[in-house]
Every structure is written in C-alpha cells, then in structure tokens.
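# Notes for the structure review
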Amino acid sequence: MTEIRSAGYSVFINKDIAAEINRFFESAGSRYSKIFILVDENSMKHCYPQLVEKIEAFKDAELIEIESGEENKTLEVCAQIWKTLSEFGADRKSLFVNLGGGVICDMGGFIASTFKRGISFINIPTTLLSQVDASVGGKTGIDLDHLKNEIGVFSAPSAVFINPDFIHTLDKRQLLSGFAEVIKHGLIADVQYWDLIKQTDALYIDDAEKLIAASVRIKNKIILEDPNEANLRKILNFGHTIGHAIESFFLMNNKTLLHGEAIAVGMICEAYISSKECGLSDVALSEITSYILDSYKAVPIKTTDHAKLIELMKHDKKNENDSIMFSLLSGIGKCEINCKVNNDVILESLKYYSGKTKTVK
Ligand code: GLY
C-alpha cells in the first residue's frame, strides 16, 4: 500500500482499495448523511460490483449513471445530476463518490463542489489517465461546447483511492491515452523516470502500482507548491496547449480522439517548439518524437485545419494579453513556463508532426 499526502487529503494506492475505503468510512463515523456514487457504463460494469460487495457504506448509496465520453462533460448533464441530488434529498453532509475516469472525476468534482455551495467528494479513479492525473490536484470542471475545461473550480477531494488493477479493465486505446500523462511527467520533471518510461510497454505495465505512485508523486510535488496554478503548476500543461486545441477540434467535428491521444501529438509539437525556442537539443527532440510515434497511431491533421487550431489555442487558460503561452522543455526533465510563441513557430510544429507521421502507421 502506498499513501501520498497531498494538500489536506491522502492518495491511497492499493490493490485492496476496498479495505482503504472501509477505513475511511470507519474514521468518518457518522459524518456523512447520504452517499451518492457517480458511474458510467464502464465503471458500473467493471469496478462497482467488486467494491459494493466489500464496502458496507456503499450498499445503501444512490447510484447515478451517465454515458461515458468527453461529449457528456456538459452543463446539461450537470443540471440533471444536481436535480437528482435534490430529488433524493442530498444535503450538505452528503458525500459524492466519483467512480470512473477523467470525465467522471472532473465533472463529479465540479458537481459536488457547487451543489449547495459544496459537499464533500472522494475520487476512485478507474482509468490510468484519471489515476495519474485527473483525480489528483483538485481541478474540477466541464467543457463549454467544444472548449475543454472552460468552466470549473479548484476544489480538493476528501481522499483519492487508486486500485492499480482497475487498469486491466481498459482497452488498448484507453491505456495508451493515460500513458501520455505518464510520459509528460517524465519529460517535465524527471529524466530518470523518462529513462524508465522508454523501457516500458504501455500495454504491458509490469508494476502498475510503482508506475502510478511515481507519477502521482511527481504531480503531487508540483501541486503542493502551486495548488492554484499561479506559476509552477503550469508545467503540467506541457503538450496541452496544442493537445487541447486538437482535442477540441475533434470534439467539434464529432470525431473521437481520446485526451491522451491528443496530448501525445501536442507533446511532439511542443517538443519541436521547445527545440526552437527553449534550448531542447535536437537529440532529445528526436528521442521524444520517435518514442511517441512508435507507441501512438498517427492523428490526421490537415494543413487546412491549422488556422482553426491556432484559433482554439487562443482560448488556452495560460494565455496572457492575447498571446499564446506555452510550457516548454529546456531539456528532458526540465520545463519552463510562460513562453510566448509566435504563430509561425506553432504552424511549423504542426507541419513537423505531419511530416513525421507520413512514414508511420
Ligand atoms: N492536468 C494538469 C493539472 O492538473 O494541473
């Protein structure tokens, strides 16, 4: 069992996560009047049955099921859930449980943090993406049309419970999507971790608990220093300025592209920009490019889409005074924030990606 202390809460990583959750409810005593569990069809099928069998407190909980997918991370779905909470008599002492991936953790945290001005919530992330990223750090939110996480609040969970075995319920695409955030953690903060990642096959992770704990430790160290993203936390956005724009673009066009698949492209483009603007060596750029292209399927991005992508980047939350701001690598394991980059270099980076993908699968 691993326990990582974060800002006012703990992240527990344990294959017997039910035992940890039972301990949490024992120490909470009668603090919670009612429990609501948010699931999607995947966590309902693969994760909920094994938890409810072992966790007494979950037996009388109200289950709220939504459809999986980023297209459901909307204000409309939130409104339905707030109404359900009201109808089922949720009060300020209710506990909201997010059992699922990134959408469930982001949106469930937002729903809980705004219902009656805020009720407690815990995260039980079931995908690799949510285990190493979305469940930890207190960012909650929803999309506004196609704009990613445009509405939201910083609000910490009461605890995070990670069962590394849940990742065995994921398909190949979901697993790789989560692994993109693991890659990012190595690139922005820890060259030794990057060396380990390069030897890891995302689809056959030997010791998932060790890998997830390493990633959570890296993220946690950053958010403890800068919980509300005034400065340092921006490094967690490496790959996301371009990645989010690509994800939004696919969302707008009703095409499926998972978060990590978009971030993988974003990391190649932003590594290219890093080599032009921030001192990343050409050797490091080609190492990053090759590793990501070997692991991820090429994403088709047409030259005619580039202007729209730049337009979408103008909505990035890191921007200042209408300039698109990036978090860039000065070396592997070293990341600089607040880098202003001209559109020409951004366009070059998209061309670099497309040029490299012509020869791969
Ligand atoms: N996913 C980036 C962050 O939590 O800051």
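Keep in mind that what you see is a predicted model, and the values were worked out from it rather than measured.

So, about the sheet that holds strand β3 (residues 35-40). Pairing in this open sheet of 7 strands is mixed, and the strands run β1-β2-β9-β6-β5-β3-β4 from one edge to the other. A strand with exactly one partner marks an edge of an open sheet, and here the two such strands are β1 (2-5) and β4 (62-66). Averaged over all adjacent pairs, the angle separating strand axes in this sheet is 20°, with direction ignored. As paired elements, strand β5 (residues 95-100) and strand β6 (residues 120-125) share 6 bridges and run parallel to each other. Counterpart to Leu99 in the pairing with β6 is Ile124. Seen against the sheet, helix α4 (residues 75-87) touches β3, β4 and β5 and runs at an angle of roughly 165° to β4. Seen against the sheet, helix α5 (residues 102-114) touches β3, β4, β5 and β6 and runs at an angle of roughly 170° to β5.

Around the ligand, a shell composed of Asp133, Lys139, Lys219, Glu229, Arg233 and Leu236 is seen. Contact distances for the ligand include 3.0 Å between a nitrogen atom and a side-chain N or O atom of Asp133. At 2.8 Å from an oxygen atom of the ligand is found a side-chain nitrogen or oxygen belonging to Arg233. Isolated, the ligand exposes 200 Å² of accessible area, and the fraction of that covered by the protein chains is 89%. Classifying every residue of the shell around the ligand gives 1 nonpolar, no polar and 5 charged.

The next subject is the pattern of salt bridges. Side chains bearing opposite charge may pair, as long as their charged atoms lie close to each other. Within the structure shown, the criterion is met by 18 salt bridges. For Asp143, the salt bridge identified is with Lys73, shortest N-O distance 3.9 Å. A residue pair is termed long-range when its members are at least 10 positions apart, and Asp143 in strand β7 (residues 139-144) and Lys73 in the loop between β4 and α4 qualify at 70 residues. The buried category is assigned to Asp143, whose relative accessible area is 4%. Residue Lys198 is joined to Glu287 by a salt bridge in which the shortest nitrogen-to-oxygen separation is 2.9 Å. Separated by 89 residues along the polypeptide, Lys198 in helix α8 (residues 191-198) and Glu287 in helix α12 (residues 282-295) bring together distant segments of the chain. With relative accessibility at 27%, the residue Glu287 sits in the partly exposed group. One salt-bridge network, held together by shared partners, links Glu70, Lys73, Asp106, Asp143, Lys148 and Glu247.

Further remarks concern α8. Turning to α8, its buried residues are Tyr193, Trp194 and Ile197. Down the axis of α8, the buried set is contained in an arc of 105°. They therefore lie on one face. Capping the start of α8 is the job of one residue whose side-chain oxygen sits 3.1 Å from the backbone nitrogen of Gln192: Asp190.

What counts as what
Position labels on residues start from 1 in each chain and follow its written sequence. In keeping with the model being predicted, local features are shown solely for residues with a pLDDT of at least 70 and side-chain atom pairs are shown and tallied solely at 80 or more, while totals for entire chains, interfaces and linings include all residues. As a rule here, side-chain values come from all non-hydrogen atoms in the structure, and water together with hydrogens is ignored. Strand pairing follows a simple DSSP-based rule, namely that at least 2 bridges must link the two strands. Per the convention used, a helix needs a DSSP run of H or I reaching at least four residues, while a strand needs a run of E reaching at least two, with both numbered from the N terminus. Only the stretch in contact is used when fitting a helix axis, every axis being a line fitted to C-alpha atoms; angles between N-to-C directions are given from 0 to 180 degrees. Two residues qualify as a contact provided that any one of their heavy atoms is within 4.5 Å of a heavy atom in the partner residue. The near set for a molecule or strand comprises every residue that places at least one heavy atom within 4 Å of it. Pairing of N or O atoms within 3.5 Å defines a polar contact, subject to two protein rules: one partner must be a possible hydrogen donor and the other a possible acceptor, and residues neighboring in sequence count only if both atoms are side-chain atoms. Per-residue and other accessible areas follow the Shrake-Rupley method at a 1.4 Å probe size, with only the shown protein chains counted as cover for residues. For this classification, the nonpolar set comprises Ala, Val, Leu, Ile, Met, Phe, Trp, Tyr, Cys and Pro, the charged set comprises Asp, Glu, Lys and Arg, and every other residue, Gly included, is treated as polar. The term salt bridge refers to a pairing of a side-chain nitrogen on Lys or Arg with a carboxyl oxygen on Asp or Glu at a separation within 4 Å. Accessible area is worked out with a 1.4 Å probe on protein chains only. A residue is then buried under 20% of its type maximum, exposed over 50%, and partly exposed in between. The directions considered for the arc are those from the helix axis to the C-beta atoms.

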